[in-house]
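Residue-level structural notes
Chain by chain, the residues:
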Amino acid sequence: MKTISYILLFFLTVSSVAFADGYEVGDKATDFKLKNTDGSWVSLSDFKDAKGFVVVFTCNGCPYAQAYQERIMNIDKIYKPKGYPVIAINSNDVDIKPDDSLREMKKRSEEMGYTFPYLKDDKDNIFKKYGATKTPHVFVLQKSGKDLVVKYIGAIDNNYEDSSKVTEPYLADALDALIAGKDPKPNFTRAIGCTIKTKE
Amino acid sequence: MVAGLMSLLLLPSRLSSQPDVLTFDEFEPYLHHQSDTLYVLNFWATWCTPCVKEIPALEKIREEYSNKNLRVILVSLDFPKQIESRLIPFLGQYSIHSEVIVLNDPDSNRWIEKVDPDWSGSIPATLIYHKDSREFYERSFTYDELKIVINSKINEL
């Protein structure tokens, strides 16, 4: 029994470390082909004129994701014309979170008037490749030749509760830096968020 | 008259179940207690489904180890406006007797790495520590899994 306990303990420790995998700033990001709420399939390669992307892992129900819905819309409004459109991805397993079905996502997208794709990461586990652990979780990518290079990972800003009290608009600052030909500083931030729900 | 008396009787227990609401600076000492106790700090919120699912396991652990040097602290990240409407009713409904505090500090990028350098910020997350020996789990636990971890640590005390 004791041996089994130690094996399990080892597994517990390893699995919590393995979960931290994913991209770091400077890594090349993968493209994907995911279903949008309008029924179309969306890949980053479809956006020929984009200079990069704001990939946001989000969902319908998480209070933090909800707190940022409008701020994400604002980012798209300001930065899509500058070459950095928002691509929202919902990776929650529908069996665990029925509220995150494509149908419910379509409803949310229409209610809010999303101006960006809201994609269902159903079986591709794109969030695992990126290393997204929670919602919202942002990855800013920049095109470099044929590659997509990760330039910023983390939070949208430093106050989920009250957008008027934000003193560090991390994401907007990162995008402004890229547009000015600089590297974002900071290029990595953290925020509390809801775990992306999947079956083990 | 009877109602008035009842409310007087009920008042103290209601007040004592009101969790403290702390900024990170006020909360930080909880991460560095030096007493000969195994601290289990669970970061959670009532709106977080996997968190709510593991709360009974934590509560059971607290009960089972009540004669050991183990202290379970449930660190709620519920929003302040939901303390009355959601958190307190939840604690009553699930008969939670563990210590509960609310950590309310929206500038989380400033403090997440002070809890653990590897924490991305998702919940549930659990910090288990005894003095300077620390382990951090950004995941959820079943009762059995938690018990294995606790047993391996409590034997070191």
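Data block above holds the structure.
Bear in mind the structure is a predicted one, so any value in this text is a computation, not a measurement. (Residues numbered from 1 in each chain as written. Chains lettered and ligands numbered in written order. Predicted model: local features only at pLDDT ≥ 70, side-chain atom pairs only at ≥ 80, totals over all residues.)

Regarding the overall build of chain A
Counted only if it meets this: Strands here are runs of E lasting at least two residues and helices are runs of H or I lasting at least four, both read from the DSSP assignment and numbered beginning at the N terminus. Three exposure classes are used, all based on how many other C-beta atoms lie within 10 Å of a residue's own C-beta (placed from the backbone): buried at 20 or more, exposed at 12 or fewer, and partly exposed between those limits. We call two residues in contact whenever the C-beta atoms placed from their backbones are within 7 Å.
Along the backbone of chain A there are five helices and nine strands. Secondary structure elements of chain A occur, N-terminal to C-terminal, as α-β-β-β-α-β-α-β-α-β-β-β-α-β. Out of the 200 residues in chain A, the part that is buried amounts to 40%. Here the contacts in chain A between residues at least 6 apart in sequence split such that 74% fall between residues at least 24 apart.

Comments concerning the environment of Phe 127 of chain A
All names here are of chain A. Within the secondary structure, Phe 127 sits in helix H4 (residues 126-130). For the pair Phe 127 and Trp 41, spaced 86 residues apart in sequence, the C-alpha separation works out to 17 Å. Apart from residues lying up to four places away in sequence, Phe 127 is in contact with Phe 57, Ile 89, Ser 91, Asp 121, Ala 132 and Ile 196.

Observations regarding the sheet that holds strand E9 (residues 193-195) of chain A
Which entries qualify depends on this criterion: Two strands qualify as a pair provided DSSP detects at least 2 bridges between them.
Overall, mixed pairing links the three strands, which are arranged E6(A)-E9(A)-E5(B) in an open sheet. Sheet topology places strand E6 (134-135) of chain A together with strand E5 (122-123) of chain B at the edges, where each strand pairs with a single neighbour. Relative to E9 of chain A, E6 of chain A runs antiparallel, the two being bridged by two bridges. Across the sheet, Lys 134 of chain A pairs through a bridge with Thr 195 of chain A, a residue of E9 of chain A.

With respect to the interface of chain B and chain A
Formally: Three classes are used, and their members are as follows: Ala, Val, Leu, Ile, Met, Phe, Trp, Tyr, Cys and Pro are nonpolar, Asp, Glu, Lys and Arg are charged, and the others, Gly among them, are polar.
At the junction of the two partners, chain B supplies 23 residues and chain A supplies 22 residues. Of all the secondary structure elements, the ones that give two or more residues to the side of chain B that touches chain A are helix H5 (108-115), E5 and helix H6 (143-154) of chain B. In terms of residue class, the side of chain B that touches chain A is made up of 11 nonpolar, six polar and six charged. Direction of pairing for E9 of chain A relative to E5 of chain B: parallel, over a ladder of two bridges. Across the sheet, residue Cys 194 of chain A finds its bridge partner in E5 of chain B, namely Ile 123 of chain B.

All quantities given are derived from atomic positions and should not be read as evidence of function.
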